[in-house]
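Tertiary structure, described
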Amino acid sequence: MPLRKSPLILGHEITGVVDEVGKEVNNFKAGDRAGVSWLNSSCGKCGLCLSGKENLCPDAKFTGWDVNGGYAEYTTLSGDFAYHLGENLSFVELAPLMCPGIAGYRSLRLTEAKSGDNLGLFGFGPTASYVLQVAKFLGIETLVITRSERNRNVARELGANWVGGYEDKLPGKLDAGIIFPPAGNLVPFALSQLKSSGKLVLAPVYMTPIEIKDYNLIWMERSVKSLANVTRQDGVEFLRLVEKVPIKTEVEVFPFGKLQDALILAKNGKVRGHAIVKFAD
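Residues numbered from 1 in each chain as written. Predicted model: local features only at pLDDT ≥ 70, side-chain atom pairs only at ≥ 80, totals over all residues. Heavy atoms only, no water.

**What about the pairing of strand β6 (residues 118–122)?**
- Of all five residues in β6, four are buried; the element is thus mostly enclosed.
- Where the polypeptide runs from β6 across helix α4 (residues 126–137) and back to strand β7 (residues 141–145), its parallel neighbour, the crossover connection is right-handed.
- Sheet topology note: the β6/strand β9 (residues 174–179) ladder contains four bridges and is parallel. Bridge pairing in β9 links Phe122 to Ile179. (Buried < 20%, exposed > 50% of the residue type's maximum accessible area, 1.4 Å probe, protein only. Helix = DSSP H or I, 4+ residues; strand = E, 2+ residues; numbered from the N terminus. Right-handed = clockwise from strand over helix to strand, strands pointing away. Pairing = 2+ DSSP bridges.)

In structure tokens form, the structure reads like this:
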């Protein structure tokens, strides 16, 4: 995606301690544990904002894209867009939850899956692992479909109800599904696994071309919806769940002096889980 600001400080998943608050801030105080996510601000006045869809606000600003992000000693933003962080997890464990954690939770919400439903997770990386853990806590049956044997093992360890590959026959049709890889060719396959009225959510920020040749795949009111950003309510609800669900995260921590190395390793897919840049103890 093209930069909207230049020069720009990157970093869109931030956890730390409040150092100072403005005169009109009354929901935080110095010393509080706080987090910053992708959504940095919205206009608060348009129809989308007023209807709870601030993630789609045309004037929304995003951390590390429109405004400077977290690869800095300090970051500032409106207290209304910061999150209170609980004590159950460390800053290192909480950092990856500020974007893929919250976004994964929103994708789960969009499926409208409820306790007892069958949810298919197509592809399995860190974001899907957070969805699986929350879904399990909520009583939703999870089926993981992925090519990676390592990721299959991780899904089993996290308690998936069924794990297999794309060539394997699922034990039954799905009430809902979420696609995580940016692979448009997975859409027809995922749709073919849904029950009537099933919902399929596309979680990536981009996808390769999607072609649905058979109308029967979306017949019977099956639907496809994309995920776009997150709302503050998504973050608040997810972080409340984090206090109840023993969320497991896989991270590799780098000191700030190794930031360039971390970015290169992440780009080449050589980081196990999430790369976390640590600025201070």
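**A look at the nonpolar core**
- Counting residues in hydrophobic clusters, the biggest one holds 50 residues, and the most contacted among them are Leu119 and Leu121.
- Put simply, the parts of the chain that give this core at least two residues each are α3 (100–111), β6, α4, β9 and α7 (232–242).
- Setting aside anything within four residues of it in sequence, one finds Leu119 in contact with Leu108, Thr111, Val131, Ala135, Ile140, Glu141, Thr142, Leu143, Leu174, Ala176, Gly177 and Ile178.
- Ile179, Ala183, Leu191 and Leu217 belong to the second largest nonpolar core, which has 17 residues in total. (Core = buried A, V, L, I, M, F, W, Y, C linked by side-chain atoms within 4.5 Å. Contact = heavy atoms within 4.5 Å.)

**Points about the packing of aromatic side chains**
- Applying the stated criterion across every chain, the model contains eight aromatic pairs.
- Ring geometry for Phe62 against Trp65: centres 6.2 Å apart, planes inclined by 35°, an arrangement best described as tilted.
- On the accessibility criterion, Phe62 (6% relative accessible area) is buried.
- Between Phe256 and Phe279 the ring centres are 4.9 Å apart and the planes differ by 35°, which places this aromatic pair in the tilted class. Pair noted here: Phe256 is in the loop between β12 (251–255) and α8 (259–267) and Phe279 is in the segment after β13 (274–278), with a separation of 23 residues, a long-range link.
- Under the relative-accessibility criterion, Phe256 is labelled partly exposed at 42%.
- Grouped by ring-pair contacts, the aromatic residues Trp38, Phe62 and Trp65 constitute a single cluster.
- Lying across the ring of Phe91, Arg33 places its NZ or CZ 4.4 Å from the centre.
- Here the guanidinium or amino end of Arg232 rests over the ring plane of Phe81, the centre of that ring lying 3.9 Å away. (Phe/Tyr/Trp six-rings, centres within 6.5 Å; stacked < 30°, edge-to-face > 60°. Lys NZ or Arg CZ within 6 Å of the ring centre and 35° of its normal.)

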